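These are the residues of each chain, in order.
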Amino acid sequence: GAGQDVGRSCILVSIAGKNVMLDCGMHMGYNDDRRFPDFSYITQNGRLTDFLDCVIISHFHLDHCGALPYFSEMVGYDGPIYMTHPTKAICPILLEDYRKITVDKKGETNFFTSQMIKDCMKKVVAVHLHQTVQVDEELEIKAYYAGHVLGAAMFQIKVGCESVVYTGDYNMTPDRHLGAAWIDKCRPDLLISESTYATTIRDSKRCRERDFLKKVHETVERGGKVLIPVFALGRAQELCILLETFWERMNLKAPIYFSTGLTEKANHYYKLFITWTNQKIRKTFVQRNMFEFKHIKAFDRAFADNPGPMVVFATPGMLHAGQSLQIFRKWAGNEKNMVIMPGYCVQGTVGHKILSGQRKLEMEGRQILEVKMQVEYMSFSAHADAKGIMQLIRQAEPRNVLLVHGEAKKMEFLKQKIEQEFHVSCFMPANGETTTILTNPCIPVDISLGLLKRETAIGPSADAKKPKLMHGSLLMKDNSFRLVSPEQALKELGLAEHQLRFTCRVHIQDPRKEHETVLRVYNHLKGILKDYSVQHLPDGSITVESILIQATAHSEDQGTKVLLVSWTYQDEELGSYLTSLLKKGLPQSTP
Amino acid sequence: MAAHLKKRVYEEFTKVVQQQHEDLSTKKLRLTKPSKSAALHVDLCKATSPADALQYLLQFARKPVEVESVEGVVRILLEHYYKENDASVRLKIASLLGLLSKTAGFSPDCIMDDAINTLQNEKSHQVLAQLLDTLLVIGTKLPENPSVRMRLVEVACKHLTDSSHGVRNKCLQLIGCLGPVEKGVAKEAESQAAKDVQKIIGDHFNDQDPRVRTAAIKAMLQLHERGLKLQQAIYSQACKLLADDYEQVRSAAVQLIWVLSQLYPESIVPIPSSNEEIRLVDDAFGKICHMVSDGSWVVRVQAAKLLGSMQQVSSHFLEQTLDKKLMSDLRKKRTAHERAKELYSSGEFSSGRKWGDDAPKEEIDTGAVNLIESGACGAFVHGLEDEMYEVRIAAVEALCMLAQSSPSFAEKCLDFLVDMFNDEIEEVRLQSIHTMRKISNNITLREDQLDTVLAVLEDSSRDIREALHELLCCTNVSTKEGIHLALVELLKNLTKYPTDRESIWKCLKFLGRRHPTLVLPLVPELLSTHPFFDTPEPDMDDPAYIAVLVLIFNAAKSCPTMPALFSDHTFRHYAYLRDSLSHLVPPLRLPGRKLASSAVSPSITPHEDPSQQFLHQSLERVYNFQHLDPRGIQELLEFTIRDLQRLGELQSELAGMADFTATYLQCQLLLIKALQEKLWNVAAPLYLKQNALASTAAKQILEETYKMEFMYSGVESRQVVIIQHMRLQAKALQLIVTARTTRGVEPLFGMCEKFLQEVDSFQRCFISELPHMQGSFVDKLLDLMPRLVTSKPSEVVKILQTTLRQSTFLHLPLPDQLHRATANIIEPTGESDNPLRFTSGLVVALDVDATLEHVQDPQGTVKVQVLYPDGQAQLIHPKPADFRNPGPGRHRLITQVYLSHTAWTEPCQIEVRLLLAYNSNRSKASTRSPKSTWSESLEALPPSENGIEGTIPFSKPVKVYIMPKPARR
């Protein structure tokens, strides 16, 4: 799922022989089998548990975790499921809610049950931020902060030296209750990034916030009522914080209500997971937990008829049913009142109708509702925009990028940009498509300390960070690699050492006597190779370190001397240098 | 003891004594304490294990070592060092060496050779690093010795190849701190194989260890700070370091780039991957802007801060920082700011937003969009939206600094600053309001911006509101609607927070003064006058009405047509307000009135010189009175004092000066009166009367001198001498009076001694000033000192009396600037008739709000005193955080005073006042710290001997009506 598409996030990654499933979401748009990912893709026969090493859930939105009970209980998976603590806490609430709506309201059968949700949650392993979890001996995962919603995380999956980062949904600009996503320079082989806003660069958040507050404030001052339809989690908390602090700052007295139920439970978790929120909330919670709202109280149905100004948050967000619609019907007739839609509305809902400017609505029972209240639209969204995505790529410095969770057309643009700016290859597979990425794996090799010290001592020691050439013998034994000195290798393998010598003849035109030639050669070499020990042995040969040079007269031509240069293969470098030196001949004038 | 003291006083009259004194003390020390070095030696020899030795060394480190024994101790330590095998002990010794060489007065060049020697044989990296640290200390102790420095740098260079990062770190630090700065020295150095320091350090920019890289950059910065001109070649190296993996490296690199951009702003650098070239400062600016979106917030703060100080940057680069191209679905979108601007310019008001109002319009070319911009694009947009408030504050500060230097940029950044008024953290909001105020000369607020600004007036934080009032004081508003809006919002603020009254009035005063023409068309509406009908007269005590009047009257000052629009009662109200709130209401030329009020003209400048002259003339006159008869002197003094006091009232600029001199003359007058011959010659039974007069005079003089010394800011040491001299005279007078009234000699002994001691300390403090005091009391007294010391108290008294009478009056030189500390309690007002009721035994909090002017260090000196009717007084020390500093020389105290008392039968008034606490000891130490001899001798004396602590009331007391009720059972 999620390939060139939004919703039903489900990505399968095979890395160094390990299989990891990233997210397990449902699709909002479908009500048939297509709402869940097609798990038969993973393996046709055999159990999923055998095939998958682990499942990672990035955050609690249903398009990222909605199919989890179906997958684990109905299809059958018993392996570990990883998610962060807040996600683990909030996820079952949402799943239960989702189940209720589909089963109780729509009357569907063959759906997962409450018990299944509970069983599924038992398989979950919670992780902390920046905690490295060893799934098995080779596979390890690590969570990074992602903003977006409470508990949203990006995951780094690492096997050996290959790694993948999966972002889930993330937000690079902080908001009123969450911070910005952050990742270190982990240089993964692949970065799988969402791209919801691939072609958007957003305006500053402050303007929007200010407008929102101003509108609310004005209406309240006029004595009007404000209705804000919200979904229970995420944005609702942000708006609450926003209004709460504003009320505090401005000393306002008008009541703010929050519809009860789901939200209250969620707020409880927000209170608990203070460490996951932004700087301001984290710093001030000692004095007062920002989620312990002073001005925001629970809503009761009867309050809607109360006179005087008030602000009400009510679910659901698109005004299609439930409490928010009830309140809307009550208040719509008064032009002093206002409704603020903080998010996107699906076509066909009341929300969509009033946003598109419809003023007369036909309600159930042929009733016509005239909308006199003001209708406002404020977009608050917590996805990274194009700039944010680029910023994350810059932070993480991946070698490849893969885009998911977005529309194909928009991805195309971003892909082009990424390739242009960072010169890394970028992919955007469709659902069911597999992308293979070649990595340059490095193989760790054990080296004996003695050898390492000896080798590093040779040559310039600066730039120890750079790759370095070393001599030694590679021992591959029992599935392990070791680099040892040749002597030790021979000893271990029980082999005798063979001497390998190169010999080379160099012809030199020199009419003088042999020993004189030798002396000349000796002086010449001594003059050039100052750093080496050049010796003239009594038997008429020269040694340069371990290289032996002997001179004999040519059998046919006495004027030509043959220099015999001989070296072992260890001294190959010096030996070949010497030969080339001698081949150039001796300097002419030697007094 | 007395004999000893006398001897000392006598001896110290000649100069040689001080040295002897010092010698004496050191001798004593040697006698009493066994030598430190010996003790240490014994300890170290006793130590059986390294752990033991370490313990001894640790104990040893806790005690200070005298200068003379340092070298000995060092020798012993070194000796032990060579013997020691344990690295930890050697480490401790090395660190001790560093500590010891820090000892004041010890010249460490003698131990340098040893330290370098130890370095050569050392194996442990940690000890090596510590030794280098010691060398660094030694090097910094010897700033005047280039050859030593050269040698140390050489040693450091040698160890740069060490494999431990700690050692390399220290080496670089050492080179940075001690490396040669002047070119001349560098040349000389070449021969000694110590190459160019910059090159050596530069090589380590690519070290494998991030800590060493950081140290290298820091060393480079250190060299820069010490005055070495860095080479431009480093720039490209530093740019590479910006992409480092480690935040400390990046943070230091940002600094280095900034330094270079300041050094070579105009040189040209090529842009990689294109043929273009730009100025280095622009390039650096772009790079630092880029760092504003760095992953680490430390770097972000650093970068945002530095941006502010890059003022040479070209304007189009600057303006890019506020630019962030918006797009939505690949179509260009305008920012909300632009939309607001457009709405405004098309003359339409935002009619509430429709969905899709911000729908993107034009298609954009996909190729042209540059997502990761190379330049400075949107740096501030990012900075201001940052997650960490530290970054946001830094960004706001930087904006402020850049906007101050560039008006066009100021205009552009306005929208962003206005947005910051809604930040979630109060500090950031406050900072942005202050910033706005600072740049307000360059800008004019649009109506929609003003609207946003004014919305903040309802903030519940007092600081924010007051900052905003200050801002409004100096903003330019473009339209009359704007003024109206501001007024309405301010009045709303007034009703919501009545305590803001003063600040709102002040704000409106400036608003009116700045925009007379904009206020003019609003006048009828504001005063609710009607062409035909008489409207009811508004309530004069209504703060809102006063606010409106303040606005109008100030506007009317430069708009002569305005008074024609006033109705009768407005004129009456004007007269009333002109009297009651004269600081807010300017004098007006009103048609029907004589210009009586304009007699005190606001244009002070032409009058300034004559009044200053007057001041000096009258003083001149006073100082030449010697040849007058005593009666004449007294009269002259009285007149002059009166004149000066009046002058102070009239001329606020000279008030401090006039008051100061008047006080001084007053002291003199009192002294003269007390010393009148007649009084002293009367018979014994009449002593009582004379005694009362003289002793009160002495007391008063003492009080006044303290006031003079501590209540005025700008008093220099020249004045302090005179003041203290006057005090000495007063003390002499006191002594004489007591001598004449008390029977018996015993108590006199002590007093005489104390007095002589004071004379002694006076002489020691002001030895340099003594030549200016020819013929004065002290001068004469010091001449007689040998006699005084040996004579009996009764004789001393006699001598004192004659010298007092004969001594001349000292001329008081005036400093350029002299301000009297004043305080004004705004809250509580003291007008309330409702008593503050509370249950006895419990506490009630009383809000105190006061303005302080010309008070130095108010946190330490200003106290609140509460006087209960039963005479009980309570002194409250306000918290340092209760003081705010709205402007230079001004302070604001907003605090809460807790009151409590047992039950009363009926309400009664308590008095609240502010006191200025002083401590003669402290002030001397702070003002005269350069004179080391004094501060040293001060340490030797017990502080109580010299430190006179006391308080001066410096505000009018305010009465508060309170009523502690008995607790109910």
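Here the structure is a predicted model, which means the values were calculated and not measured. Throughout, residues of each chain are indexed from 1 in the direction in which the sequence is written. Here every chain gets a letter starting at A, and every ligand a number starting at 1, in the order they are written. Since the coordinates come from a predicted model, pLDDT governs what is reported: local features require at least 70, and pairs of side-chain atoms require 80 or more to be given and counted, while whole-chain, interface and lining totals use all residues. Where side-chain values are given, they derive from all heavy atoms of the structure, hydrogens and water being excluded.

**Some thoughts on the overall build of chain A**
And step 1. Put simply, DSSP marks the helices as runs of H or I at least four residues long and the strands as runs of E at least two long, and each gets a number from the N terminus on. Within chain A one finds 17 helices and 28 strands.
And step 2. By its C-alpha atoms, chain A is 125 × 55 × 45 Å across when sized along the principal axes.
And step 3. Taking all 591 residues of chain A together, 52% fall into the buried category. Working definition: with a 1.4 Å probe on protein chains only, accessible area under 20% of the residue-type maximum means buried, over 50% means exposed, and in between means partly exposed.

**What about the overall build of chain B?**
And step 1. For chain B, the count of helices and strands is 45 helices and 18 strands.
And step 2. Split into buried and exposed, the 969 residues of chain B put 51% on the buried side.
And step 3. Every residue pair with non-hydrogen atoms within 4.5 Å of one another is taken to be in contact. Pairs at least 24 residues apart make up 74% of the contacts formed inside chain B by residues separated by at least 6 positions.
And step 4. All accessibility values rest on the Shrake-Rupley procedure with a 1.4 Å probe; residue burial counts only the protein chains present in the view. Accessible area for chain B stands at about 46,500 Å²; split by element, carbon and sulfur atoms hold 53% of it.

**Considerations on the pairing of strand 10 (residues 190-194) of chain A**
And step 1. Taken across its five residues, strand 10 of chain A has five buried, putting it largely inside the fold.
And step 2. Residues L190, I192 and E194 of chain A line one face of strand 10 of chain A and the alternating positions L191 and S193 of chain A line the opposite face, and both faces are buried.

**Quick look at the domain arrangement of chain A**
All names here are of chain A.
And step 1. Domain annotation of chain A identifies domain 1 (11-201 + 382-427), domain 2 (205-377), domain 3 (446-458 + 467-493) and domain 4 (501-584).
And step 2. Taken together, the contact between domain 1 and domain 2 spans 23 residues of the former and 20 residues of the latter.
And step 3. Contact between domain 1 and domain 2 buries roughly 1,900 Å² in total, counting both sides, with carbon and sulfur atoms accounting for 71%.
And step 4. We count a salt bridge whenever a side-chain nitrogen from Lys or Arg sits within 4 Å of a carboxyl oxygen from Asp or Glu. At the surface where domain 1 touches domain 2, the tally comes to zero salt bridges. Throughout, the edges of the domains are those of an automatic or database domain assignment. The quantity reported as buried area is the accessible area (1.4 Å probe) lost by two parts once they are put together, taken as the sum for both.

**Observations regarding the pattern of salt bridges**
And step 1. By the definition in use, this model includes 42 salt bridges over all chains.
And step 2. In this structure, the salt-bridge partner of K480 of chain B is E481 of chain B, at a minimum N-O distance of 3.8 Å.
And step 3. A salt bridge links R642 of chain B to D643 of chain B; its shortest N-O distance comes to 3.6 Å.
And step 4. A residue is classified by how much of its surface remains accessible, and R642 of chain B, at 51% relative accessible area, is exposed.
And step 5. What you see here is one network of salt bridges that share partners, running through K185, R187 and E397 of chain A together with D245 of chain B.

**As for the nonpolar core**
And step 1. What is meant by a nonpolar core is a set of buried Ala, Val, Leu, Ile, Met, Phe, Trp, Tyr and Cys residues, joined one to another through side-chain atoms within 4.5 Å. Core analysis: the biggest nonpolar cluster contains 171 residues, and L135, I201, L256 and M436 of chain B have the highest contact counts within it.
And step 2. It is helix 30 (residues 543-557) of chain B that provides the largest number of residues to this core, a total of eleven residues.
And step 3. Grouped together as the second largest cluster of nonpolar side chains are 126 residues, I15, F111, I157 and F212 of chain A included.

**Quick notes on empty space enclosed by the protein**
And step 1. Put simply, the grid is 1 Å and covers the protein atoms alone, a cavity is a trapped set of points that fit a 1.4 Å probe, a pocket is an open set with protein on both sides within 12 Å along at least five of seven lines, and lining residues have an atom within 4 Å of a point. Grid points are joined across faces, edges and corners, and a volume is the space filled by probe spheres set on the points. The final tally for this structure, using the stated rule, is six cavities of 30 Å³ or more.
And step 2. Here the largest cavity defines a volume of roughly 190 Å³.
And step 3. In this structure, the largest cavity is lined by 15 residues; those nearest its centre are P174, D175, R206 and E209 of chain A together with E424 of chain B.
And step 4. At three residues, the largest contribution of residues to the lining of the largest cavity is made by helix 6 (residues 205-222) of chain A.

**A few points about the sheet that holds strand 18 (residues 374-377) of chain A**
All names here are of chain A.
And step 1. In spatial order, the strands read 13-12-14-11-15-18; together these six strands make up an open sheet with parallel pairing. Single-partner strands in this sheet number two, and they are strand 13 (296-298) and strand 18. Across the sheet, the axes of successive neighbouring strands diverge by a mean angle of 25°, strand direction being ignored.
And step 2. Interaxial angles span 0 to 180 degrees and are taken between N-to-C directions of axes, which are lines fitted to C-alpha atoms, for helices over the stretch in contact. Set on the sheet, helix 6 makes contact with strand 11 (225-229), strand 14 (310-314), strand 15 (338-341) and strand 18; between it and strand 11 the angle comes to about 145°.
And step 3. Along the sheet, helix 7 (residues 235-250) makes contact with strand 11, strand 12 (256-258), strand 13 and strand 14, crossing strand 14 at roughly 165°. Being paired, for any two strands, means DSSP has found at least two bridges between them.

**Thoughts on the sheet that holds strand 1 (residues 11-15) of chain A**
Residue and element names in this part refer to chain A.
And step 1. Taken together, five strands build an open sheet; the order of strands is 1-2-3-4-5 and the sheet is mixed. Pairing within the sheet leaves two strands with one partner each, and these edge strands are strand 1 and strand 5 (124-127). Here the average twist between neighbouring strands, direction ignored, is 30°.
And step 2. Bridging between strand 1 and strand 2 (residues 18-22) involves five bridges; their strand directions are antiparallel. Paired with I15 across the strands is K18, a residue of strand 2.

**Let's talk about the packing of aromatic side chains**
And step 1. The pairing test for Phe, Tyr and Trp rings, Trp by its six-membered ring, is centres within 6.5 Å, and the orientation test on the planes gives stacked under 30 degrees, edge-to-face over 60, and tilted for anything in between. Within the structure shown, the criterion is met by 23 aromatic pairs over all chains.
And step 2. When the centroid spacing of 6.4 Å and the interplanar angle of 55° are considered together, the rings of Y98 of chain A and F112 of chain A count as tilted. Here F112 of chain A lies in the loop between helix 4 (85-105) and helix 5 (114-122) and Y98 of chain A lies in helix 4, a separation of 14 residues in the sequence. With respect to class, Y98 of chain A is no different from F112 of chain A; both count as buried.
And step 3. Three or more aromatic residues joined by ring pairs form one cluster here, namely F36, F39, Y70, F71, Y77, Y98, F111 and F112 of chain A.
And step 4. In this analysis the charged atom, NZ for Lys or CZ for Arg, is taken to sit over a ring once it is within 6 Å of the ring centre and within 35 degrees of the ring normal. Positioned over the ring face of Y497 of chain B is R465 of chain B, at 3.6 Å from the centre of the ring.

**Focus on the confidence of the model for chain A**
And step 1. In this model, chain A carries a mean pLDDT of 81, and residues with pLDDT of at least 70 account for 93%.
And step 2. Values of pLDDT, ranging from 0 to 100, describe the predictor's confidence in every residue of the model. Mean pLDDT across the secondary structure elements of chain A bottoms out at helix 14 (residues 449-457) of chain A, with 71, and peaks at strand 4 (residues 81-84) of chain A, with 92.

**Observations concerning the side chain of T663 of chain B**
Residue and element names in this part refer to chain B.
And step 1. Tracing the sequence through the fold places T663 in helix 34 (residues 655-674).
And step 2. On the basis of relative accessibility, which here comes to 11%, the residue T663 falls in the buried class.
And step 3. Beyond its immediate chain neighbours, meaning those up to four positions away, T663 contacts E704, M708 and Y712.

**Looking at the side chain of D882 of chain B**
All names here are of chain B.
And step 1. Note on placement: D882 falls in the loop between strand 13 (873-876) and strand 14 (883-887).
And step 2. We score Asp and Glu as negative and Lys and Arg as positive, and we do not count His or the chain ends. No salt bridge is formed by the buried D882, whose closest oppositely charged neighbour, K879, lies at an N-O distance of 4.4 Å.
And step 3. Excluding anything up to four places from it in sequence, D882 contacts R892, L893, I894 and T895.

**Thoughts on the environment of A556 of chain B**
Residues and elements named next belong to chain B.
And step 1. Following the sequence through the fold, A556 ends up in helix 30.
And step 2. Classification of A556 by relative accessible area gives buried; the value is 5%.
And step 3. In this structure, the C-alpha to C-alpha distance between A556 and V519, residues 37 residues apart in sequence, is 8.7 Å.
And step 4. Sequence-distant contacts of A556, that is, excluding residues within four places in its chain, are made with M562, F566 and L588.

**Details of the packing of helix 9 (residues 146-158) of chain B against helix 10 (residues 165-178) of chain B**
Residue and element names in this part refer to chain B.
And step 1. Here helix 9 crosses helix 10 at 155°, and the two axes come no closer than 9 Å. When the interaxial angle is binned, helix 9 and helix 10 end up roughly antiparallel. Regarding helix 9 and helix 10, the two cross each other, and that crossing is left-handed. Contacts between helix 9 and helix 10 involve R149, L152, V153, A156 and C157 on the former and, on the latter, C171, L174, I175, C177 and L178. For this classification, under 35 degrees means roughly parallel, over 145 means roughly antiparallel, 65 to 115 means roughly perpendicular, and everything else is oblique. In a left-handed crossing the near helix is turned counterclockwise from the far helix by less than a right angle, and in a right-handed crossing that turn is clockwise.

**Notes on the confidence of the model for chain B**
All names here are of chain B.
And step 1. Mean pLDDT over chain B works out to 74, with 79% of the residues at or above the 70 mark.
And step 2. Model confidence for chain B, summarised as mean pLDDT per element, is weakest for helix 44 (residues 932-940) at 35 and strongest for helix 15 (residues 247-263) at 89.
And step 3. A low-confidence stretch, residues 5-34 (pLDDT under 50), is modelled with 17 contacts involving residues beyond four sequence positions or located in other chains.

**Things to note about the environment of H295 of chain A**
All names here are of chain A.
And step 1. With respect to the helices and strands, the residue H295 is situated in the loop between helix 9 (279-284) and strand 13.
And step 2. With 226 residues separating them in the primary sequence, H295 and V521 have C-alpha atoms 99 Å apart.
And step 3. If we ignore the near neighbours within four places in the chain, the residues touching H295 are E244, W247, E248, L252 and I256.

**Overview of a nonpolar patch on the surface**
Residues and elements named next belong to chain A.
And step 1. Patches here are clusters of residues that have more than 30% relative accessible area and form no salt bridge, with a 9 Å joining cutoff for like charges and a 5 Å cutoff for nonpolar side chains (Val, Leu, Ile, Met, Phe, Trp, Tyr). A contiguous nonpolar patch, built from I443, V445, L474 and M476 and spanning about 410 Å² of accessible area, is present on the exposed surface.
And step 2. Within the secondary structure layout, I443 lies in the loop between strand 20 (425-427) and strand 21 (446-447).
And step 3. Its relative accessible area of 57% is what places I443 among the exposed residues.

**Looking at the state of the cysteines**
By definition, a disulfide links the sulfur atoms of two cysteine residues through a covalent bond.
And step 1. Any two cysteine sulfur atoms lying within 2.5 Å of each other are counted as a disulfide. Counted under the stated rule, the structure contains zero disulfides over all chains.
And step 2. There is no disulfide at C10 of chain A, and the cysteine sulfur nearest it, in C24 of chain A, is 5.1 Å away.
And step 3. Judged by relative accessible area, which is 13%, C10 of chain A ranks as buried.
And step 4. As a non-bridged cysteine, C507 of chain B has C473 of chain B as the owner of its nearest cysteine sulfur, 4.7 Å distant.

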